[in-house]
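Summary of the model geometry
Given next are the chains, with one letter for each unit.
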Amino acid sequence: MRILIYGAGGIGGYFGGRLAQAGNSVSIIARGKHLEAIKKNGLEVESINGNFTITPSLATDNLKEVETPELIILGVKSWQIPDAATELKSIINENMMLLPLQNGASNIENLMKVLPEANILGGLCHIVSFMSAPGKITHVGFEPKITFGELDNSKSTRVKKIEKVFTEANITNVIPDDISLEVWKKFLFITTISALGGLTRVNLGKMRESEYLMDLMRKTAEEIKMVANAKGIALNDEHIKAAFEVINKLDSKTTASTQRDIMEGKPSELDNFNGYIVKEGNRLGVPTPVNQFIYECLLPMEKQARMLAESI
Ligand SMILES: NC(=O)C1=CN([C@@H]2O[C@H](COP(=O)(O)OP(=O)(O)OC[C@H]3O[C@@H](n4cnc5c(N)ncnc54)[C@H](OP(=O)(O)O)[C@@H]3O)[C@@H](O)[C@H]2O)C=CC1
Ligand SMILES: CC(C)(CO)C(=O)C(=O)O
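Each chain has its residues counted from 1, following the order in which its sequence is written. For naming, the first written chain is A and the first written ligand is 1, with later ones following in the order written. Thresholds applied to this predicted model are a pLDDT of at least 70 for local features of residues and 80 or more for the giving and counting of side-chain atom pairs; totals over whole chains, interfaces and linings are not thresholded and use all residues.

What follows concerns the overall build of the protein. Under the DSSP-based scheme used, a helix requires at least four consecutive residues in state H or I and a strand at least two consecutive residues in state E, with every element numbered from the N terminus. A tally of helices and strands in the protein yields twelve helices and ten strands. Over its C-alpha atoms the protein spans a radius of gyration of 19 Å, differing by no more than 12% from the 20 Å that the globule rule assigns to 312 residues. Summarising its shape, the C-alpha atoms of the protein cover approximately 50 × 40 × 35 Å along the three principal directions. Within the span of the protein, comprising 312 residues, buried residues form 44% of the whole. We call two residues in contact when the distance between their C-beta atoms, placed using the backbone, is within 7 Å. Taking the intrachain contacts of the protein between residues at least 6 apart in sequence as the baseline, contacts between residues at least 24 apart amount to 70%. The globule rule used for comparison is 2.2 Å times the number of residues to the exponent 0.38, while the radius of gyration itself is calculated over C-alpha atoms. The exposure label follows from counting other C-beta atoms within 10 Å of a residue's C-beta, where the C-beta atoms are placed from the backbone and the thresholds are 20 or more for buried and 12 or fewer for exposed, leaving partly exposed in between.

Structural data, given as structure tokens:
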């Protein structure tokens, strides 16, 4: 399959690497030193499942150079989606499939503001990976898995085609009965731990030691469930319980990627996580005081990080 990886960091780089390794024609949109390194030495993937290096069909920062892809996998951060979508508008055609793998519950609606709904699939992924050096992606945790599907949950020919491509690339993948619910389940889990982790600046093990912080997390999750329900998403107490089973089991050294961005003073996904819950709560008349407290405490730092990033 002709695949474009738009944003080849932790997730885009890993899954793009696996898809290229399996013989797909993979083009990569990257930039800066990362792009230079990929052009020079290929994309190196260091993984607990085995290391490998691939040479992409093309690595570029210029979308116009890319041969029309059949599948575009979005590997950018959720707050980078509007810009990516605006750029992709110039190449989209009716046969292209666009698969967002970001954390966040607003990615699909943000894509739909710019691109035709017919091109867009729903998706998410499980993996712990990051760019460890220009041209190099390191995968340190979780069996990498992509969950994806049509927005109407139909088992269409095109999703079956992607399923075959992922399976042949040894990527564990699932087409669920309800993709929106799966996106919200992951969102519930990640939003419950990420920003509070950024605020407390300690790993999950340290947060778990505090009954007060565990209670805050439960309240965060409860508010997310209420907002989801007001939007017609059937998140329920069993999903919260399942999220906390994961939270309780994860290695004590765990920090979420958004938490690390906050702690490193980088622009983060705060707006798309707790910020989105606050915004949607206000719109739908659902109180979200705990998410708002966490969001408002981190917002000044987020604004500072964005100003700094823009000035570089
Ligand atoms: N990393 C992980 O373990 C997991 C992450 N996720 C989610 O996946 C999403 C992506 O995260 P992650 O992979 O960690 O993020 P990264 O920052 O590692 O990767 C994003 C990449 O996209 C690049 N990019 C963004 N815009 C452009 C552009 N216009 N042109 C070229 N390159 C661009 C970035 O470059 P630059 O650095 O120059 O901006 C960066 O290399 C997030 O929503 C995250 O929450 C989900 C599961 C696990
Ligand atoms: C917690 C984790 C690694 C799970 O996939 C994640 O999604 C993130 O750090 O953003």
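Don't stop here, the text continues.
Nearness rests on one distance test: the residue's C-beta atom, set from the backbone, must lie within 6 Å of the molecule or strand. Taken together, 32 residues lie near ligand 1, and Gly-7, Gly-9, Gly-10, Gln-102 and Asn-103 sit nearest. Those elements that place two or more of their residues in the shell around ligand 1 are α1 (10–21), α2 (32–41), α3 (81–88), β8 (121–133) and α10 (257–263). For this scheme, ten residues count as nonpolar: Ala, Val, Leu, Ile, Met, Phe, Trp, Tyr, Cys and Pro. Four count as charged, namely Asp, Glu, Lys and Arg, and the remainder, Gly too, count as polar. Grouping the amino acids of the shell around ligand 1 by side-chain chemistry returns twelve nonpolar, 15 polar and five charged. Annotation comment: domain bounds sourced from an automatic or database domain assignment. For the shell around ligand 1, the domains that each give at least three residues are domain 1 (2–177) and domain 2 (181–311).

Here we come to the domain arrangement of the protein. Partitioning the protein into structural domains gives domain 1 (2–177) and domain 2 (181–311). Relative to domain 2, the C-alpha centre of domain 1 lies at a distance of 24 Å. Contact residues are listed per partner, giving twelve residues for domain 1 and 13 residues for domain 2. By residue class, the composition of the side of domain 1 that touches domain 2 is four nonpolar, seven polar and one charged.

Okay, the nonpolar core next. The tendency in soluble globular proteins is for nonpolar side chains to be buried side by side. Core membership is restricted to buried Ala, Val, Leu, Ile, Met, Phe, Trp, Tyr and Cys residues, and these are joined into a nonpolar core through C-beta atoms within 7 Å. Core analysis: the biggest nonpolar cluster contains 84 residues, and Ile-72, Leu-74 and Leu-99 have the highest contact counts within it. In terms of residues, this core owes the most to one element, helix α6 (residues 179–200), which gives eleven residues. When residues are assigned to domains, this core turns out to be shared by domain 1 (2–177) and domain 2 (181–311), each giving three or more. Filtering out sequence-adjacent residues up to four positions away, Leu-74 remains in contact with Tyr-6, Gly-7, Ile-81, Ala-84, Leu-98, Leu-99, Pro-100, Leu-101 and Gln-102.

Now for the UniProt feature "domain: Ketopantoate reductase N-terminal" (unreviewed entry) in the protein. UniProt positions are given in the numbering used here, feature names are shortened, and annotations may be inferred rather than shown by experiment. In this structure's numbering, the residues bearing the UniProt feature "domain: Ketopantoate reductase N-terminal" (unreviewed entry) are residues 3–152. Between the first and last C-alpha atoms of residues 3–152 the distance is 23 Å; the span itself is 24% helix and 37% strand.

By nearness alone, every residue bordering ligand 2 is listed as Asn-103, His-126, Ile-127, Val-128, Phe-142, Ile-190, Ala-256, Ser-257 and Thr-258. Looking at the shell around ligand 2, the elements that each hand over two or more residues are β8 and α10. The leading source of residues in the shell around ligand 2 is β8, at three residues. Inspection of the shell around ligand 2 shows a minimum of three residues originating in each of domain 1 (2–177) and domain 2 (181–311).

Of the two faces of strand β6 (residues 71–74), the one holding Leu-71 and Ile-73 and the one holding Ile-72 and Leu-74 are both buried throughout. What makes two strands pair is DSSP finding at least two bridges between them. Sheet topology places strand β1 (residues 2–6) next to β6; four bridges connect them, and they run parallel. Within the sheet, the bridge partner assigned to Ile-5 lies in β6 and is Ile-73. Where β6 and strand β7 (residues 97–100) come together, four bridges link them in parallel fashion. Across the sheet, residue Leu-71 finds its bridge partner in β7, namely Met-97. Seen with the strands pointing away from the viewer, any crossover whose path from the first strand over the helix to the second strand runs clockwise is right-handed. Regarding the hand of the β-α-β motif, the stretch spanning β6, α3 and β7 is right-handed.

Below, the discussion takes up the pairing of strand β2 (residues 25–29). Counting buried residues in β2 gives four out of five residues, a clear majority hidden from the surface. In this structure, β1 lies alongside β2, joined through five bridges in parallel fashion. Paired with Arg-2 across the strands is Ser-25, a residue of β2. Running through α1, the crossover from β1 to the neighbouring parallel element β2 is right-handed.

In this fold, Gly-149 is placed in strand β9 (residues 136–150). Put simply, Gly-149 and Ile-81 are 68 residues apart on the chain and 19 Å apart in space, counted from C-alpha to C-alpha. When neighbours within four sequence positions are excluded, Gly-149 is seen to be in contact with Leu-121, Gly-122, Val-159, Ile-175, Pro-176 and Ile-179.

Moving on, we come to helix α9 (residues 237–249). Helix span, as expected, comes to 1.5 Å for every residue beyond the first. Counted at 1.5 Å a residue, the expected span for α9 with its 13 residues is 18 Å, and the 18 Å between its end C-alpha atoms agrees. Restricting attention to buried positions, one finds in α9 the residues His-239, Ile-240 and Ala-243. The buried side chains of α9 occupy one side of the element, clustering within an arc of 100° when seen end-on. Residues of α9 that are exposed and angled more than 90 degrees away from the buried face: Asp-237, Glu-238, Lys-241, Glu-245, Asn-248 and Lys-249. Our arc is simply the arc of the directions from the helix axis toward the C-beta atoms.

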